[in-house]
Amino acid sequence: MVFFPHHMIINAFIARPAPQKCDTRADEGDHMTPTMPALVLNGPGDVHLAEKPIPTPGPGEVVLAVEATTVCGTDLRIISGDKTTGVHPGVTLGHEIAGRIASLGEGVEGLAVGQQATVSIVVSCGICRACLTGREHLCSHCELIGYGIDGGLAPWLCILARAVSHGNVIPVATEMPATRLALAEPLSCVLNGHRRHGGVNPGETVVIIGGGAIGLLHTQLNLACGAGQVILCEKHADRRDRAAAMGAVTTCPDGLREVVAEHTGGYGADLVIVAIGRNELAEDSLDLAAPGGRVSWFAGFPKGSTATITPNTVHYQELTVSGGSNARRADVHRAVEMLGRGDIEESSIVTHTFGLSQWTEAVDAVHGHTGVKIAIDPRC
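Residues numbered from 1 in each chain as written. Predicted model: local features only at pLDDT ≥ 70, side-chain atom pairs only at ≥ 80, totals over all residues. Heavy atoms only, no water.

> Teacher, can you tell me more about the UniProt feature "domain: Alcohol dehydrogenase-like N-terminal" (unreviewed entry) in the protein chain here?
The positions UniProt marks with the feature "domain: Alcohol dehydrogenase-like N-terminal" (unreviewed entry) are residues 58-163. Overall, residues 58-163 shows 14% helix and 31% strand. The separation of its end C-alpha atoms is 13 Å. (UniProt positions renumbered as here; feature names shortened; annotations may be inferred. Helix = DSSP H or I, 4+ residues; strand = E, 2+ residues; numbered from the N terminus.)

Next up, the structure:
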């Protein structure tokens, strides 16, 4: 992984004036355009705090005052250059966003200033075959907020009119901590994967490989949906302890096969979810599944990589293998509803919060597996 230099000038930003009209020129009083700090990607390994104009909404646009943005492994891959598809140099990073509507552009209806809200990050075209069949997250021409469109690692975020018109700004019915609402994006992806593999039936055994934020979200979701037992495999003891407190059986990678055999009478798991993007897990996950079972390759694998599998395992055991990528707006709505009801508990997942001025420490914490999910508060 490529690392970026830490010896950068970091501008702390604590006070947040109201969004105002921005102009790239000085006015007659020689007052410069109001700016804000934003975590900007210039290229692989080149990330720094830069000053960008405080946005004002144009017709059809919405400006969010960002209250929390959580950091995920994909952000590390974008920063290092391991992920480049759909990523544009100069973009403000951050796609797991919680905020509050600060201002509305002309013509925006159904939203109100002051509402707590999150955003569905998939900005789709609405007219391609995928969009027309209800799969806007697989849009042929989609752009993603925090990848190719400015994201939430800045105090304010302007949601483009085409996203607003598609319903990507999603207000909450029940106020909640910002660090909980920021989980709507990863939870929506988990819900999409859950739908793709057919969910879980009461009493089934679920194996989850990986105990990071995604693995713990899968754990809570499957237990809430009636799984008989969830077996979570994770090498870090702290994360195993968090999963155990949720009600999961936990094990280290070296003991996974034995634990699954012990808890299923040697039959295997009804559902196996791969929440770590390691190629060898493609074959391992097939071996852990029971006859007629389902396997979800949920995690993204390294771009261009290949894996060796035994196809007869799928054939003779009649396994169903599925993937899951991003989420639909409907998934984000459901995630917000679940978080609002407290169906998913965030305090064991979002373990640390840093200010935007501490972004290097936040990224190091993610890379070093400190806690589980790291949040950044762009207001400080």
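> Explain the sheet that holds strand S12 (residues 229-233) here, please?
In a beta sheet, neighbouring strands pair by backbone hydrogen bonds and run either parallel or antiparallel. In space, the six strands of this open sheet follow the order S13-S12-S11-S14-S15-S16, with parallel pairing throughout. Looking at strand neighbours, the two that pair on one side only are strand S13 (249-251) and strand S16 (320-323), the edges of this open sheet. Adjacent strand axes in the sheet meet at a mean angle of 15°, parallel and antiparallel pairs treated alike. Pairing of S12 with S13 involves three bridges; the strand directions are parallel. Counterpart to isoleucine 231 in the pairing with S13 is valine 249. Here helix H6 (residues 213-224) sits on the sheet and contacts strand S11 (205-209), S12 and strand S14 (269-274); the angle it forms with S12, its principal contact strand, is near 170°. (Pairing = 2+ DSSP bridges. Axes fitted to C-alpha atoms, helices over the stretch in contact; angles between N-to-C directions. Contact = heavy atoms within 4.5 Å.)

> What is the right way to read the confidence of the model for the protein chain from this model?
Low pLDDT means the predicted coordinates in that region are not meant to be read closely. Looking at the protein chain, pLDDT values average 91 and 92% of them are 70 or higher. Predicted confidence for residues 1-30 stays below pLDDT 50, and this span has 66 contacts to residues more than four positions away or in other chains. (pLDDT = per-residue confidence, 0-100.)

> Explain the environment of serine 120 to me, please; I cannot follow it from the model alone.
Mapped onto the elements, serine 120 comes out in the loop between strand S6 (116-119) and strand S7 (122-123). Assessed through its relative accessible area of 2%, serine 120 is described here as buried. Apart from residues lying up to four places away in sequence, serine 120 is in contact with Ile145, Asn168, Ile170, Arg329 and Val332. (Buried < 20%, exposed > 50% of the residue type's maximum accessible area, 1.4 Å probe, protein only.)

> Looking at this structure, I do not really get the packing of helix H5 (residues 184-196) against H6. What am I missing?
Angle between the axes and distance between the axes: these two values describe a pair of packed helices. The interhelical angle for the contact between H5 and H6, taken along N-to-C directions, is 60°, at an axis separation of 10 Å. The orientation of H5 with respect to H6, classified from their angle, is oblique. Crossing geometry of H5 relative to H6 is assigned as right-handed. Touching Pro186, Leu187, Val190, Leu191 and His194 of H5 are Ile214, Leu217, His218, Leu221 and Asn222, all from H6. Looking at the contact of H5 with H6 residue by residue, the class counts come to seven nonpolar, three polar and no charged. (Parallel < 35°, antiparallel > 145°, perpendicular 65-115°, else oblique. Left-handed = near helix turned anticlockwise from the far one by under 90°. Nonpolar A, V, L, I, M, F, W, Y, C, P; charged D, E, K, R; others polar.)

> Whenever I open this one, the packing of aromatic side chains confuses me. Can you help?
Each pair of aromatic rings is reported with the distance of its centres and the angle of its planes. In total, this model carries one aromatic pair according to the counting rule given. Between tryptophan 297 and phenylalanine 301, the aromatic rings sit 6.4 Å apart at their centres with planes inclined by 85°, giving edge-to-face as the arrangement. (Phe/Tyr/Trp six-rings, centres within 6.5 Å; stacked < 30°, edge-to-face > 60°.)

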